[in-house]
Amino acid sequence: MDLRSRMRASMLIVIMFCMMCVTSVLGREEQKQADTYAACEVR
């Protein structure tokens, strides 16, 4: 019981960490695309 709850908690931590990484990467990509669109509009 204790081991199972501990494993579930560690899995939740790993999943949250992965989600944070994915959202940060997606945010960076969106920022890059926004910069590209701004540069194109300036031209």
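See the structure shown above.
Residues numbered from 1 in each chain as written. Predicted model: local features only at pLDDT ≥ 70, side-chain atom pairs only at ≥ 80, totals over all residues. Heavy atoms only, no water.

Some thoughts on a nonpolar patch on the surface
- Taken together, the side chains of Met11, Ile15 and Met19 define a hydrophobic patch exposed on the protein surface, amounting to about 320 Å² of accessible area.
- Along the chain, Met11 falls in helix H1 (residues 2-42). (Patch = residues over 30% accessible without salt bridge, like charges linked within 9 Å, V, L, I, M, F, W, Y side chains within 5 Å. Areas by Shrake-Rupley, 256 points an atom, 1.4 Å probe, with all protein chains shown as cover. Salt bridge = Lys/Arg side-chain N within 4 Å of Asp/Glu carboxyl O. Helix = DSSP H or I, 4+ residues; strand = E, 2+ residues; numbered from the N terminus.)

Comments concerning the pattern of salt bridges
- Here the structure, examined in full by the defined rule, presents one salt bridge.
- A salt bridge links Asp2 to Arg6; the nearest nitrogen and oxygen atoms lie 2.8 Å apart. Residue Asp2 and its partner Arg6 are both found in helix H1; the two are separated by four residues, about one turn of the helix.

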